[in-house]
Amino acid sequence: MGLLIVAPLSPLLSQFDPDNTGYISTEKFRSLLQRHGSELDPHKLEVLLALADSNSEGRICYQDFVNLMSNKRSNSFRQAILQGNRRLCSKALLEETGLSLSQRLIRHVAYETLPREIDRKWYYDSYTCCPPPWFMITITLVEVAFFLYNGVVLDRFVLQVSHPLYLKNALLYHPQLRAQAWRYLTYIFMHAGIEHLGLNVVLQLLVGVPLEMVHGAARISFVYVAGVVAGSLAVSVADMRAPVVGSSGGVYALVSAHLANIVMNWSGMKCQFKLLRMAVALICMSFEFGRAVWLRFHPSAYPPCPHPSFMAHLGGVMVGITLGVIILRNYEQRLQDQTLWWIFLSIYVIFVLFAIFWNIFAYSLLDLKLPPPP
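Residues numbered from 1 in each chain as written. Predicted model: local features only at pLDDT ≥ 70, side-chain atom pairs only at ≥ 80, totals over all residues. Heavy atoms only, no water.

J.: Please clarify how the packing of helix 10 (residues 194-215) against helix 11 (residues 217-238) should be interpreted in this entry.
T.: In a pair of packed helices, the angle between the axes and the distance between the axes together describe the arrangement. Packing of helix 10 against helix 11 brings their axes to within 7 Å, and their N-to-C directions diverge by 140°. Here helix 10 lies oblique to helix 11, going by the angle between them. Across from Gln-204, Gly-208, Leu-211, Glu-212 and His-215 in helix 10, the residues of helix 11 making contact are Ala-217, Arg-219, Ile-220 and Tyr-224. Class assignment for the residues of the contact of helix 10 with helix 11 results in 4 nonpolar, 3 polar and 2 charged. (Axes fitted to C-alpha atoms, helices over the stretch in contact; angles between N-to-C directions. Helix = DSSP H or I, 4+ residues; strand = E, 2+ residues; numbered from the N terminus. Parallel < 35°, antiparallel > 145°, perpendicular 65-115°, else oblique. Contact = heavy atoms within 4.5 Å. Nonpolar A, V, L, I, M, F, W, Y, C, P; charged D, E, K, R; others polar.)

Okay, structure coming up:
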């Protein structure tokens, strides 16, 4: 819809810029919006007015206008968002009535994830559910399918990890088989039991799906996969004798990023009962982490190999409070323009490279006695 509006306004913008400099004064731009604002979505009109208010040079770039109307992640959008809270002409999105069920759902997601009212309005106007949040739904269905399959094969659904044949699966990470690179990712499709799978599935659906609806599959899948890889590499470095299973690395990356974003934008986040819900989320995460620690040091069902490690949880948390927070704080902005993004991404890449070399050389240099392959 934005591109359809740009075309009719282009000749009008040209009238205010006869020398074709690519700029018009903010006063002329504001008068143009007042005369033709009825052709725009009211929430997008607010963003454009915010852009005019935030420009200290007294002029507006035509390309900024095009970027805004075509929903591009541009610096001009960031500028308008940062300054836009000074100008919210209409009532808050939460006060609007007569919305359909789907519109109320989109509004609910906006208030669950975005801290600024002008961000929420822009998302509400722009979201089309095309594509739907396919990544989190797909990854959840695949995890459940593999769990059910293993449950039938092992004839066990509670504490599958205690079955003597559990480690023979080709998907989980095992220190003796660390050269099989796919295991650093595919271990997420193996879970210790239904109690392990259930909590992970609930968290990644309740948190991951709304985040994907707002930030898109590319960004959320990056955080999730980065947490998964960091989790298995953290185990290979800090708990070298243990295997690892479960999607907790990815889940903890998403949940910790979301919780950190709420805390950092506490006054702006308008989700209901946020303190209580944060407490519940932290209790659930602590319970799951405590279960993983208990299981790791519980007498193994397949000695001398210990039960799966809990270090993947911590690897996911570290990804969430670094890369994850930067992504969630920069809705509709270019990540490559953020200095902290490059800093945290560099740290992550350095850690991955360090872990790769560690896996290649450290095990032999330390003369570590590993459990036999399954």
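J.: What is the right way to read helix 6 (residues 101-113) from this model?
T.: Three or four residues apart is the spacing at which side chains of an α-helix point the same way, because the helix has 3.6 residues per turn. Counted at 1.5 Å a residue, the expected span for helix 6 with its 13 residues is 18 Å, and the 19 Å between its end C-alpha atoms agrees. Those residues of helix 6 that fall on the buried side of the exposure criterion are Ile-106, Arg-107, Val-109, Ala-110, Tyr-111, Glu-112 and Thr-113. Residues of helix 6 that are buried in the fold lie against helix 7 (117-126), helix 10, helix 12 (248-264) and helix 13 (274-297). (Expected span 1.5 Å × (residues − 1). Buried < 20%, exposed > 50% of the residue type's maximum accessible area, 1.4 Å probe, protein only.)

J.: For this particular structure, what's the right way to read the confidence of the model for the protein?
T.: For any part of a model where pLDDT is low, the fine detail of the predicted coordinates should not be relied upon. For the protein, the average pLDDT comes to 83, and 77% of its residues sit at 70 or higher. Element-level pLDDT for the protein is lowest in helix 5 (residues 75-84), with a mean of 47, against a maximum mean of 97 in helix 9 (residues 183-186). Scored below 50 in pLDDT, residues 1-8 shows 13 contacts in the model against residues more than four places distant or in partner chains. Low pLDDT, under 50, characterises residues 72-89; the predicted model gives this stretch 52 contacts beyond four residues in sequence or across chains. (pLDDT = per-residue confidence, 0-100.)

J.: Where do I start with the state of the cysteines in this structure?
T.: Disulfide: a covalent bond connecting the sulfur atoms of a pair of cysteines. Tallying each qualifying case throughout the model produces 0 disulfides. For Cys-130, which is in no disulfide, the shortest distance to another cysteine sulfur is to Cys-129 and amounts to 7.9 Å. Of the residues examined, Cys-130 reaches a relative accessible area of 65% and is grouped as exposed. (Disulfide = S-S within 2.5 Å.)

J.: What should I look at first to understand unusual backbone geometry in this one?
T.: That bond from Cys-130 to Pro-131 is cis: its omega, 5°, falls within 30 degrees of zero. Within the secondary structure, Pro-131 is located in the loop between helix 7 and helix 8 (134-154). The omega torsion across Pro-303 and Pro-304 is 5°, close enough to zero to call that bond cis. Tracing the backbone through its elements, the reader meets Pro-304 in the loop between helix 13 and helix 14 (311-329).

J.: Quick question: what am I supposed to make of the environment of Tyr-127 here?
T.: The topology assignment puts Tyr-127 in the loop between helix 7 and helix 8. The exposure class of Tyr-127 is buried, given its relative accessible area of 15%. Sequence separation of Tyr-127 and Ile-106 is 21 residues, and the distance between their C-alpha atoms is 7.8 Å. Sequence-distant contacts of Tyr-127, defined by excluding residues within four places in its chain, comprise Ile-106, Pro-133 and Met-213.

J.: Mind showing me how you'd approach the packing of aromatic side chains here?
T.: For the coordinates displayed, the defined rule picks out 11 aromatic pairs. Ring geometry for Phe-135 against Tyr-224: centres 5.7 Å apart, planes inclined by 80°, an arrangement best described as edge-to-face. In this pair, Phe-135 is assigned in helix 8 and Tyr-224 in helix 11, connecting sequence segments 89 residues apart. Given a relative accessible area of 1%, Tyr-224 falls into the buried group. A centroid spacing of 5.7 Å and a plane angle of 45° characterise the contact between Phe-354 and Trp-358, whose relative ring orientation is tilted. (Phe/Tyr/Trp six-rings, centres within 6.5 Å; stacked < 30°, edge-to-face > 60°.)

J.: Could you clarify how one ought to interpret the pattern of salt bridges in this entry?
T.: Opposite charge on two side chains makes pairing possible when the charged atoms of those side chains draw close. The tally for this structure, following the rule as stated, stands at 3 salt bridges. The closest approach of N and O atoms between Arg-277 and Glu-112, which form a salt bridge, is 2.2 Å. Within this pair, whereas Arg-277 is found in helix 13, its partner Glu-112 is found in helix 6, the two being separated by 165 residues in sequence. Arg-296 is paired through a salt bridge with Asp-239; the nearest N and O atoms lie 2.9 Å apart. Pair noted here: Arg-296 is in helix 13 and Asp-239 is in the loop between helix 11 and helix 12, with a separation of 57 residues, a long-range link. With respect to class, Arg-296 is no different from Asp-239; both count as buried. (Salt bridge = Lys/Arg side-chain N within 4 Å of Asp/Glu carboxyl O.)

J.: Just to check I follow, could you spell out the nonpolar core for this structure?
T.: Side chains of nonpolar character tend, in soluble globular proteins, to be buried together. With 81 residues, the main nonpolar core has Tyr-123, Met-136, Tyr-166, Tyr-224 and Tyr-348 as its most contacted residues. At 11 residues, helix 11 tops the list of elements feeding residues into this core. Apart from residues no more than four positions distant in its own chain, Tyr-123 is found in contact with Ile-106, Val-109, Ala-110, Leu-114, Met-213, Val-214 and Tyr-331. (Core = buried A, V, L, I, M, F, W, Y, C linked by side-chain atoms within 4.5 Å.)

J.: Just checking my understanding: could you explain the UniProt feature "active site" (unreviewed entry) in the protein for this structure?
T.: According to UniProt, the "active site" (unreviewed entry) feature falls on Ser-248 and His-313. Across 66 residues in sequence, these annotated residues keep their C-alpha atoms within 5.6 Å of one another, forming a single compact spot. Mapped onto the elements, Ser-248 comes out in helix 12. Non-local contacts of Ser-248, meaning those with residues more than four positions away in its chain, are made with His-196, Asn-200, Glu-288 and His-313. Separated by 3.3 Å, the side chains of Ser-248 and His-196 make a polar contact. Assignment of secondary structure puts His-313 in helix 14. If near-sequence neighbours (up to four positions away) are discounted, His-313 is found in contact with Ser-248, Tyr-252, Glu-288, Phe-289 and Ala-292. (UniProt positions renumbered as here; feature names shortened; annotations may be inferred. Polar contact = N/O pair within 3.5 Å; in protein donor to acceptor, adjacent residues only side chain to side chain.)

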